[in-house]
Amino acid sequence: MTNRQYYNIVKQTQPGDVVYFDFQKISEGFNITPKNQMQYDGVVVNKLVIIKRTFVEKLLKRKIKKKLDLYLQYIIDVIDDDSDSTDGSGLNEILGELSRYKDIIRYKYQKYLGEEYTLLMVQKIELLEYELKLKVMKMLERQKSYDDSYENMNVNGKSR
């Protein structure tokens, strides 16, 4: 059995003050699990609970902005690529990821970000989804016209 201790790091006049704190009594807060797998001889952090609402809001806004920028860059690359090398399954996969991320923002982050900001982010994601769906439709039309022209070539081929 491990001895678990909970600490609250507070900013005071003396740097490095660490005060013992019981998180069992706190029900509200944003949980973060560090993904850093680097080993070191210091304090091991398995879970971080952020209680201050303004800090949680800033953190989530930055996180959402980074993720949307990644999606936007990918979508711009896909839309600008007019060749047939883009795969429709990849576009459908990114559409699914966008839908999943929209649900995360709606249901998980809304209580920290507020209704207005959440609605704005959902609208941005829906705009990205719309652009991707247009690209998928254009690809399907291009594929259909290619298939039709291929069938016409076979029908108008050799006749005996």
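Presented here is a report on the structure given in the accompanying data block. Worth saying up front: this structure is predicted, and the values here are computed from it rather than measured.

Within the protein chain, the secondary structure is distributed over four helices and four strands. Along its sequence from the N terminus, the protein chain presents helices and strands in the succession β-β-β-β-α-α-α-α. Counting only residues that meet the buried cut, the protein chain has 20% of its 160 residues in that class. Residue pairs at least 24 apart in sequence account for 59% of intrachain contacts in the protein chain once pairs closer than 6 positions are excluded. Surface summary for the protein chain: the accessible area is close to 13,200 Å², and the carbon and sulfur share equals 54%.

This part is about the packing of aromatic side chains. For the coordinates displayed, the defined rule picks out three aromatic pairs. Here the aromatic rings of Phe-30 and Tyr-112 are separated by 5.3 Å at their centres, their planes lie at 80 degrees, and the arrangement is edge-to-face. A residue pair is termed long-range when its members are at least 10 positions apart, and Phe-30 in strand S3 (residues 30-32) and Tyr-112 in helix H3 (residues 110-113) qualify at 82 residues. Side by side, Phe-30 and Tyr-112 carry an identical accessibility label, which is buried. Ring pairing ties together the aromatic residues Phe-30, Tyr-109 and Tyr-112, which thus form one cluster. When the ring centre of Tyr-117 is taken as origin, the NZ or CZ atom of Lys-61, which lies over that ring, is 4.7 Å away.

Side chains of Lys-35, Lys-63, Lys-67, Arg-100 and Lys-108 sit close together on the surface and give a patch of like positive charge. Locating Lys-63 in the fold gives a position in helix H1 (residues 53-80).

Counting residues in each nonpolar core, the largest one holds 24 residues, and the members touching the most others are Leu-60, Ile-64, Leu-98, Ile-105, Tyr-109 and Leu-132. Among the elements of the structure, H1, helix H2 (88-107), H3 and helix H4 (115-155) are those that each provide at least two residues to this core. For this core, the leading source of residues is H1, giving seven residues. With near-sequence residues (within four places) excluded, Leu-98 lies in contact with Tyr-71, Ile-75, Ile-125, Leu-128, Glu-129 and Leu-132.

The next subject is the pattern of salt bridges. Taken as a whole and assessed by the stated rule, the structure comprises six salt bridges. Between Lys-65 and Asp-69 there is a salt bridge, and its shortest N-O distance comes to 3.1 Å. Of this pair, Lys-65 and Asp-69 are both found in helix H1, four residues apart, which corresponds to roughly one turn of the helix. The closest approach of N and O atoms between Arg-106 and Asp-103, which form a salt bridge, is 3.8 Å. Of this pair, Arg-106 and Asp-103 both sit in helix H2, three residues apart, which is roughly one turn of the helix. Overall, the relative accessible area of 33% leaves Asp-103 in the partly exposed class. Taken together, the shared-partner salt bridges in this structure form one network comprising Lys-102, Asp-103, Arg-106, Glu-126 and Glu-129.

Here the focus is the layout of surface pockets. Volume-wise, the second largest pocket comes out at about 380 Å³. What lines the second largest pocket is simply Phe-30, Asn-31, Ile-32, Thr-33, Lys-35, Leu-59, Arg-62, Lys-63, Lys-66, Ile-104, Lys-108 and Tyr-109. Put simply, the parts of the chain that give the lining of the second largest pocket at least two residues each are S3 and H1. With four residues, H1 is the largest single contributor of residues to the lining of the second largest pocket. Counted by class, the lining of the second largest pocket contains five nonpolar, two polar and five charged residues.

So, how was this worked out
- Residues numbered from 1 in each chain as written.
- Predicted model: local features only at pLDDT ≥ 70, side-chain atom pairs only at ≥ 80, totals over all residues.
- Heavy atoms only, no water.
- Helix = DSSP H or I, 4+ residues; strand = E, 2+ residues; numbered from the N terminus.
- Buried < 20%, exposed > 50% of the residue type's maximum accessible area, 1.4 Å probe, protein only.
- Contact = heavy atoms within 4.5 Å.
- Areas by Shrake-Rupley, 256 points an atom, 1.4 Å probe, with all protein chains shown as cover.
- Phe/Tyr/Trp six-rings, centres within 6.5 Å; stacked < 30°, edge-to-face > 60°.
- Lys NZ or Arg CZ within 6 Å of the ring centre and 35° of its normal.
- Patch = residues over 30% accessible without salt bridge, like charges linked within 9 Å, V, L, I, M, F, W, Y side chains within 5 Å.
- Salt bridge = Lys/Arg side-chain N within 4 Å of Asp/Glu carboxyl O.
- Lys, Arg positive; Asp, Glu negative; His and termini not counted.
- Charge placed at Lys NZ, Arg CZ, Asp CG, Glu CD.
- Core = buried A, V, L, I, M, F, W, Y, C linked by side-chain atoms within 4.5 Å.
- 1 Å grid on protein atoms, 1.4 Å probe; cavity = no way out; pocket = protein on both sides within 12 Å on 5 of 7 lines; lining within 4 Å.
- Points joined across faces, edges and corners; volume = space filled by probe spheres on them.
- Nonpolar A, V, L, I, M, F, W, Y, C, P; charged D, E, K, R; others polar.

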